[in-house]
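# Remarks on the overall topology
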2 protein chains.
Amino acid sequence: MLALYHFGPVANSLTPLLCLLEKGQPFENRFLNSRKWEHHSPEFQRLSPDGMVPLLLHDGRVVRESTVINEYLDEVFPEPPLRPADPWLKAEMRVLTKYVDEYFCPALTVLGAHNATAFASKVDPDEKARRLATMPNREVRRKWERVFEKGYSDEELAEARGKLARVAEKLETHLADGREWLLGSDYSLADIKWYSMVPGLPRMTPELCNPDVTPHTLAWLERMRERPAVQGLEDYRPQPT
Amino acid sequence: MLALYHFGPVANSLTPLLCLLEKGQPFENRFLNSRKWEHHSPEFQRLSPDGMVPLLLHDGRVVRESTVINEYLDEVFPEPPLRPADPWLKAEMRVLTKYVDEYFCPALTVLGAHNATAFASKVDPDEKARRLATMPNREVRRKWERVFEKGYSDEELAEARGKLARVAEKLETHLADGREWLLGSDYSLADIKWYSMVPGLPRMTPELCNPDVTPHTLAWLERMRERPAVQGLEDYRPQPT
């Protein structure tokens, strides 16, 4: 049995969703509604004590961390391969996915969490206290304390935007030789990982990512969006209730 | 040709050094003296534009990031294997190494950098300015700006110590079932990665890591220190000049 717990086709949840669709691998779709805090439910915490999403359940065993899940999926479902056979290119792939996890994602998360203050400000104070009390992961709890209070400081937002400016420049430079995919001619887990975050750049920081300054990045985004698996992600977007 | 650029058997530089010694793989030893800023020299920056260390040079190709280097080494020099064959255990190994990179190492780096203020305060102001101007990596430059000024704030140090307390508790809990190595009976890249950081705990935060509170961790450290490859690391420690 293969099941994916996810928040829909966005950010870290998109990473394993897209990998499964590229593989054409059937799986049980376990959507969690983050706005209903379903990832902090006792049921889910039995699988993921710190409430971290996404999570893969395969034959009774839990695999966590989207980057790790995707290497696992490529190993247990090897067709089509999404990691290059050449060890050096594989190392390049890992440097690229690691950069998203350690640098790009944390910076984008600051802006995303700050944008959530509008939603968070509507939460009843008692409900806020109750939610914070049940948050299992200390870093997540601290993030929400910030979001429930007043969001991030101007200095923190400027720091995050500065990092995103370097991310946008790095990606554009990387693609500027006209390569089709991040590793060259072979589509890989690196493209999947970056695609989980890059759409946030033109949306949240349009001054950093637009046709004038990042044409190669936008062309890569278009190539991604033409892939049937990427189009298939829409089926995993929750319908408004 | 195989060459490793490193700062000696400590922190991230220890990671690939120990892997190469476990493999019994001969390599060219390219020690860089960080106190002489050799990693910011134009020669080294030709290989590593942002001055990041360690760096592996293999048949003219550069591999960076200690965690990535070790998976590369295990792939190109497969004997003895340092990754489990089972895909699920391999995923567990990657979750463990990722945690060191994303959580443990950054927290320990704050204390380590803060401790460097004693050395940094002796640096001549002109020399400080010259050094900062040649630092190629913005995050590294910001860290040194802090260290050259007054180190980290009490709040930042408390935050880092809080994280290290959770790291120490997590490792002790992980080892409490009496397992020999981090993945159980098989020694792996996870042990190597954690060994690059864990010796810093009893040294810098003895209240968090001592025979009373972390007996399993100290026993694992002892088992590590009995390994011939770990003992061989001493040959790569620079002699005081």
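Everything in this summary refers to the structure shown in the same document. Within each chain, residue numbers correspond to sequence positions counted from 1 in written order. For this description, chains carry letters from A and ligands carry numbers from 1, given in the order in which they are written. In keeping with the predicted nature of the model, local features appear solely for residues at pLDDT of at least 70, side-chain atom pairs appear and are counted solely at 80 or more, and the whole-chain, interface and lining totals rest on all residues. Excluded from the side-chain calculation are hydrogens and water; included are all heavy atoms of the structure.

Below, the discussion takes up the overall build of chain A. To qualify as a helix, a DSSP run of H or I must reach at least 4 residues; to qualify as a strand, a run of E must reach at least 2; elements of each kind are numbered from the N terminus. In terms of helices and strands, chain A carries 12 helices and four strands. In terms of overall dimensions, chain A is globule-like: its C-alpha atoms have a radius of gyration of 18 Å, near the 18 Å expected for 241 residues. Based on the C-alpha atoms only, the size of chain A along its principal axes is roughly 55 × 45 × 35 Å. Excluding contacts between residues fewer than 6 apart, the proportion of contacts in chain A whose partners are at least 24 apart in sequence is 70%. Working note: accessible area of chain A is about 11,200 Å², and carbon and sulfur atoms make up 52% of it. Mean positive and mean negative side-chain charge positions of chain A (32 and 37 charges, respectively) differ by 5 Å. A radius of gyration in this sense is built from C-alpha atoms; the matching globule rule multiplies 2.2 Å by the number of residues raised to 0.38. Note on contacts: a residue pair is in contact if any heavy atoms of the two residues lie within 4.5 Å. For the accessible areas, the method is Shrake-Rupley and the probe is 1.4 Å, while residue cover comes only from the protein chains on display. His is not counted here, nor are the chain ends, while Lys and Arg score as positive and Asp and Glu score as negative. Working definition for charges: the position is that of NZ of Lys, CZ of Arg, CG of Asp or CD of Glu.

To continue, consider helix 8 (residues 154–175) of chain B. All names here are of chain B. Each helix should span, by expectation, one fewer than its residue count multiplied by 1.5 Å. With 22 residues, helix 8 ought to run about 32 Å at 1.5 Å a step, and its terminal C-alpha atoms sit 31 Å apart, in line with that. If you check which residues of helix 8 are buried, you get Leu-157, Ala-160, Leu-164, Val-167, Ala-168, Leu-171, Glu-172 and Leu-175. Looking straight down helix 8, one finds its buried side chains confined to an arc of 125 degrees; they lie on one side. Turned more than 90 degrees away from the buried face of helix 8 sit Glu-155, Glu-169 and Thr-173, all of them exposed. Summary of the burial criterion: residues with accessible area below 20% of their type's maximum are buried, those above 50% are exposed, and those between are partly exposed, where the area comes from a 1.4 Å probe applied to protein chains only. By construction, the arc corresponds to the directions joining the helix axis to the C-beta atoms.

Our next topic: the sheet that holds strand 4 (residues 61–64) of chain B. All names here are of chain B. Overall, mixed pairing links the four strands, which are arranged 2-1-3-4 in an open sheet. Every interior strand has two partners, whereas the edge strands, strand 2 (28–31) and strand 4, have only one. On average, each strand axis in the sheet is tilted by 20 degrees relative to the strand beside it, whichever way the strands run. As paired elements, strand 3 (residues 55–58) and strand 4 share four bridges and run antiparallel to each other. By the bridge assignment for strand 4, Leu-57 is matched with Val-62. Between any two strands, at least two bridges found by DSSP are needed for them to pair. Lines fitted to C-alpha atoms define the axes here, with helix axes fitted over just the stretch in contact, and angles between the N-to-C directions of these axes take values from 0 to 180 degrees.

This brings us to the interface of chain B and chain A. Accessible area lost on assembly of the parts is the figure often given for the size of an interface. Taken together, the 31 residues of chain B in the interface contact 31 residues of chain A. When two components associate, each loses some accessible surface as probed by a 1.4 Å sphere; the sum of these losses over both components is called the buried area. Roughly 2,600 Å² is buried in total at the junction of chain B and chain A, and carbon and sulfur atoms are behind 53% of that figure. Only one rule defines a salt bridge in this text: a Lys or Arg side-chain nitrogen within 4 Å of an Asp or Glu carboxyl oxygen. At the junction of chain B with chain A, the criterion picks out 10 salt bridges. Here Asp-86 of chain A ties to Arg-61 of chain B by a salt bridge, and the two come within 3.2 Å at their closest N and O atoms. Nitrogen and oxygen atoms within 3.5 Å of one another constitute a polar contact, given that in protein one can donate a hydrogen and the other can accept it, and given that sequence-neighbouring residues count only through two side-chain atoms. Across the contact surface, chain B and chain A share 10 residue pairs in polar contact (both at pLDDT 80 or more). Of all the elements in the fold, those that place two or more residues in the side of chain B that touches chain A are strand 4, helix 3 (66–76), helix 4 (87–115), helix 7 (138–149) and helix 8 of chain B. Here the side of chain B that touches chain A takes 11 residues from helix 4 of chain B, the largest share from any one element.

Let us now look at the nonpolar core. In terms of nonpolar packing, the biggest core is built from 70 residues, with Leu-18, Phe-104, Trp-144, Trp-194, Tyr-195 and Trp-220 of chain B touching the most fellow members. No other element matches helix 4 of chain B, which puts 12 residues into this core. Here Phe-104 of chain B is in contact with Tyr-99, Leu-164, Val-167, Trp-194, Met-197, Val-198 and Leu-201 of chain B, once residues within four sequence places are set aside. The nonpolar core is taken to be a set of buried Ala, Val, Leu, Ile, Met, Phe, Trp, Tyr and Cys residues, with the residues joined through side-chain atoms within 4.5 Å. One finds Leu-14, Leu-20 and Ala-120 of chain A together with Ala-91 of chain B within the second-largest nonpolar core, a separate group that totals 68 residues.

Let us now look at the packing of aromatic side chains. For any two aromatic rings, the description comes down to two numbers: the centre-to-centre distance and the angle of the planes. Any Phe, Tyr or Trp ring, taking Trp's six-membered ring, that has another such ring centre within 6.5 Å forms a pair; planes under 30 degrees apart are called stacked, those over 60 apart edge-to-face, and the others tilted. Here the structure, examined in full by the defined rule, presents 20 aromatic pairs over all chains. A ring pair is formed by Phe-104 of chain B and Trp-194 of chain B, whose centres lie 5.5 Å apart and whose planes are at 50 degrees; its orientation type is tilted. With Phe-104 of chain B in helix 4 and Trp-194 of chain B in helix 9 (residues 189–195), the pair connects residues that are 90 residues apart, well separated along the chain. Judged by its relative accessible area of 0%, Phe-104 of chain B falls in the buried class. Looking at Trp-194 of chain B, the relative accessible area reads 1%, which means it is buried. When the ring centre of Tyr-187 of chain A is taken as reference, the NZ or CZ atom of Arg-227 of chain A above it lies at 3.3 Å. In this analysis the charged atom, NZ for Lys or CZ for Arg, is taken to sit over a ring once it is within 6 Å of the ring centre and within 35 degrees of the ring normal. Over the aromatic face of Tyr-152 of chain B sits the side chain of Arg-146 of chain B, whose NZ or CZ is 4.5 Å from the ring centroid.

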